Amino acid sequence: MTANDKTDDKIACYTPTKGKGGATRIPRWKYDCVRRAILDVLDGMDDGQVVFKDLSGHVQDHLTSNQLAKLGSLGWHVTTVKLSMEVDGELERVPRKTPQTLRKTA
């Protein structure tokens, strides 16, 4: 199953962490909103990479105040969507780079 699974207009988000089964389901609009912001952040970076600990701050800059108010916990949603995007092959962690750094897959 991937983030494209749909149940009652919710997205099933999975984690790449071994041994962590099951899915976290979030409203489709929240997934789409945060996913688009993550991609926009990466597109706007000179090297196409972002340090994970800075991602939520960058995503916040790409969302409207209305979206932020309705979203709830920004950090939780960014992490959930980021992990699901890794499972779906849209994002990857840059190997041998600390702190954790993300980029779009080729």
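The residue numbering used here restarts from 1 in each chain and proceeds along that chain's sequence as written. In keeping with the model being predicted, local features are shown solely for residues with a pLDDT of at least 70 and side-chain atom pairs are shown and tallied solely at 80 or more, while totals for entire chains, interfaces and linings include all residues. Side-chain metrics rest on all non-hydrogen atoms present in the structure, leaving aside hydrogens and water.

A.B. asks: Could you clarify how one ought to interpret the pattern of salt bridges in this entry?
C.D. replies: Opposite charge on two side chains allows them to pair when their charged atoms are near. For salt bridges, the criterion is a side-chain nitrogen of Lys or Arg within 4 Å of an Asp or Glu carboxyl oxygen. Considering all chains together, one arrives at eight salt bridges under this definition. Between Glu86 and Arg93 there is a salt bridge, with the nearest N and O atoms lying 2.8 Å from each other. For each residue, the accessible area found with a 1.4 Å probe, counting protein chains only, is set against the maximum for its type, and the residue is called buried under 20%, exposed over 50%, and partly exposed in between. In this structure Glu86 comes out as buried when scored by relative accessible area, which is 14%. Within this structure, Lys82, Glu86 and Arg93 form a network of salt bridges that share partners.

A.B. asks: I'm lost on the state of the cysteines in this one. Help?
C.D. replies: Whenever a pair of cysteine sulfur atoms sits within 2.5 Å, that pair is classed as a disulfide. Here the structure, examined in full by the defined rule, presents zero disulfides. Cysteine Cys13 shares no disulfide, and the gap to the nearest cysteine sulfur, in Cys33, comes to 13 Å. Cys33 gets classed as buried once you look at its relative accessible area, which sits at 10%.

A.B. asks: It is not clear to me how the packing of helix α1 (residues 28-44) against helix α4 (residues 74-87) should be interpreted in this structure. Could you clarify?
C.D. replies: A pair of packed helices can be characterised by two numbers: the angle between their axes and the separation between those axes. Where α1 contacts α4, the two axes come as close as 9 Å, and the packing angle between them is 75°. Relative to α4, the element α1 is oriented roughly perpendicular. Contact residues: α1 offers Lys30, Tyr31, Val34, Arg35, Ile38 and Leu39, while α4 offers His77, Val78, Val81, Lys82, Ser84 and Met85. Any residue that is not Ala, Val, Leu, Ile, Met, Phe, Trp, Tyr, Cys, Pro, Asp, Glu, Lys or Arg is counted as polar, Gly included; the first ten are nonpolar and the last four charged. Along the lines of polarity and charge, the residues of the contact of α1 with α4 split into seven nonpolar, two polar and three charged. To obtain an axis, a line is fitted to C-alpha atoms, over the contacting stretch when the element is a helix, and the angle between two such axes runs from 0 to 180 degrees between their N-to-C directions. Helical segments are the DSSP runs of H or I of at least four residues, strand segments are the runs of E of at least two, and each set is numbered from the N terminus. Oblique is the label for every angle not falling under 35 degrees (roughly parallel), over 145 degrees (roughly antiparallel), or within 65 to 115 degrees (roughly perpendicular). For this analysis, residues touch if any pair of their heavy atoms sits within 4.5 Å.

A.B. asks: Help me understand the sheet that holds strand β5 (residues 91-93), please; the structure alone is not making it clear to me.
C.D. replies: Where strands meet in a sheet, backbone hydrogen bonds hold them as pairs that are either parallel or antiparallel. Only when DSSP finds a minimum of two bridges between them are two strands counted as paired. Within the open sheet, the three strands sit side by side as β4-β6-β5. Their pairing is antiparallel. Strands with a single pairing partner mark the edges of an open sheet, and in this sheet they are β4 (49-51) and β5. For this sheet, the mean inter-axis angle between neighbouring strands, taken without regard to orientation, is 30°. Note that β5 and strand β6 (residues 101-104) share three bridges and pair antiparallel. Considered in β6, the bridge of Leu91 is made with Lys104. In this fold α1 packs onto β4, β5 and β6, with an angle of close to 95° to the strand it touches most, β6. On the sheet, α4 packs against β5 and β6 and is oriented at approximately 95° with respect to β5.

A.B. asks: In this structure, what is going on with the pairing of β6? I would like to understand it.
C.D. replies: Bridge count for β4 against β6 is three bridges, and the pairing is antiparallel. Bridging from a neighbouring strand, Val50 pairs with Leu102 of β6.

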